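Coordinate inspection notes
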Amino acid sequence: MFIAEKGLEVEKREVDLMNGEQLTPEFMEINPFCTVPVLELDDGTRLRDNASIARYLEETHPTPPLLGTTPIEKAMIAEWDMHVLSEGFAAVGEAFRNRSKGFKGRATTGPVGFEQIPELAERGAARAKNFLSLLDRRLAETEFVGGDSYSIADITATVTIDFAGWIKLEIGDDQKALRAWYDRMAKRPSYSA
Ligand SMILES: N[C@@H](CCC(=O)N[C@@H](CS)C(=O)NCC(=O)O)C(=O)O
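Our subject in this report is the structure included herewith. Just so you know, these numbers come straight off a predicted model, no measurement behind them.

1. Some thoughts on helix H3 (residues 50–60)
For H3, the full list of buried residues reads Ile53, Ala54, Leu57 and Glu58. With its buried residues spanning 130 degrees around the axis, H3 presents them on a single face. Counted as exposed and oriented over 90 degrees from the buried face of H3: Ala51 and Glu59. Elements that come into contact with the buried residues of H3 comprise helix H1 (2–5), strand E1 (39–40), strand E2 (46–47) and helix H6 (152–164). Of the residues flanking the start of H3, the one acting as N-cap is Asp49, its side-chain oxygen 3.0 Å from the backbone nitrogen of Ala51.

Here it is in structure tokens:
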């Protein structure tokens, strides 16, 4: 979505996560952390995290800005993106990875396989639900997650809500601000890119 919002074209190569391609020696050479995404630059440099990829693309293609323009905008967007990642995305992941059969022995990403802890699935689901309330309250006050402009925080939050469907967590009927914001996000061309 970040790449599409920037209007960029990049050559894509899919990694078959469900069949463990990220754990093969070939992929570990590309990214020893065994995660996607990875952005490989023309000089061979590999950026192995969403945050570093976003930072690089923002610096090299500043328009449209997705990490903020003024010092305060940049700070607020970074703050909210971190809230969404730690309280939303991580909570959904905790719930999903600790309960789903497909993630047995793979409760965390990375080269080391960790066992599932069912209590963490329960706690993750409760945290994720709490996060939706927090986001609804935020969006009752601001047009976008990070403030007055569309940003990476909206992208991270949209993806988090979609992932929440995997733990059967949906936006509540009473969460009107969250619903209106999500519907606007889903209409952006980058959502279906
Ligand atoms: N630090 C990474 C983490 C990304 C991440 O968790 N990616 C997941 C897919 S959404 C992954 O690669 N999973 C591999 C696995 O489950 O083994 C980032 O934010 O870029």
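Read on for the rest.
2. Thoughts on the pattern of salt bridges
What the rule picks out here adds up to 8 salt bridges. A salt bridge links Arg55 to Glu59, with the shortest nitrogen-to-oxygen separation between them at 2.9 Å. Of this pair, Arg55 and Glu59 both sit in helix H3, 4 residues apart, which is roughly one turn of the helix. What emerges from the salt-bridge pattern is a single network uniting Glu94, Arg123 and Arg127.

3. Some points on unusual backbone geometry
Cis geometry is found at the peptide bond from Val36 to Pro37, where omega equals 0 degrees. In this structure, Pro37 sits in the loop between helix H2 (25–30) and E1. Between Thr63 and the following residue, Pro64, the backbone shows a cis peptide bond with an omega angle of -5 degrees. Inspection of the secondary structure puts Pro64 in the loop between H3 and helix H4 (71–97). One non-glycine residue, Cys34, adopts positive backbone phi at about 60 degrees. Following the sequence through the fold, Cys34 ends up in the loop between H2 and E1. Although it is not a glycine, Lys168 adopts a positive phi angle of roughly 60 degrees.

4. So, the site of the ligand
Every residue near the ligand is listed here: Leu17, Gln22, Cys34, Thr35, Val36, Pro37, Asp49, Asn50, Arg97, Arg106 and Thr109. At a separation of 2.9 Å, an oxygen atom of the ligand approaches a polar backbone atom of Val36. Within the contact set of the ligand, an oxygen atom lies 2.7 Å away from a backbone nitrogen or oxygen of Asn50. For the ligand, whose unbound accessible area comes to 510 Å², protein coverage reaches 75%.

5. Concerning the nonpolar core
Counting residues in hydrophobic clusters, the biggest one holds 38 residues, and the most contacted among them are Phe2, Leu135, Val145, Ile161, Leu178 and Trp181. Where this core is concerned, the elements lending two or more residues are H3, H4, helix H5 (118–139), H6 and helix H7 (176–186). Contact partners of Trp181, with chain neighbours within four places excluded, come to Leu139, Glu143, Val145, Asp154, Ala157, Thr158 and Ile161.

6. Considerations on the side chain of Thr158
One can find Thr158 in helix H6. Other than its neighbours up to four places away in sequence, Thr158 contacts Met1, Trp181, Tyr182, Met185 and Tyr191.

7. A word on the environment of Val84
With respect to the helices and strands, the residue Val84 is situated in helix H4. Sequence spacing of Val84 and Thr160 is 76 residues, and the spatial spacing of their C-alpha atoms is 7.8 Å.

8. Points about the packing of H6 against H7
Axis separation between H6 and H7 bottoms out at 11 Å; the angle between their running directions is 105 degrees. By the angle between their directions, the pair H6 and H7 is classed as roughly perpendicular. Residue-level inspection shows Asp154, Ala157, Thr158, Ile161 and Asp162 of H6 in contact with H7, the latter providing Leu178, Trp181, Tyr182 and Met185. Residues that form the contact of H6 with H7 fall into these classes: 6 nonpolar, 1 polar and 2 charged.

About the criteria used
Residues numbered from 1 in each chain as written. Predicted model: local features only at pLDDT ≥ 70, side-chain atom pairs only at ≥ 80, totals over all residues. Heavy atoms only, no water. Buried < 20%, exposed > 50% of the residue type's maximum accessible area, 1.4 Å probe, protein only. Helix = DSSP H or I, 4+ residues; strand = E, 2+ residues; numbered from the N terminus. Arc of directions from axis to C-beta. Contact = heavy atoms within 4.5 Å. Polar contact = N/O pair within 3.5 Å; in protein donor to acceptor, adjacent residues only side chain to side chain. Salt bridge = Lys/Arg side-chain N within 4 Å of Asp/Glu carboxyl O. Near = heavy atom within 4 Å. Areas by Shrake-Rupley, 256 points an atom, 1.4 Å probe, with all protein chains shown as cover. Core = buried A, V, L, I, M, F, W, Y, C linked by side-chain atoms within 4.5 Å. Axes fitted to C-alpha atoms, helices over the stretch in contact; angles between N-to-C directions. Parallel < 35°, antiparallel > 145°, perpendicular 65-115°, else oblique. Nonpolar A, V, L, I, M, F, W, Y, C, P; charged D, E, K, R; others polar.

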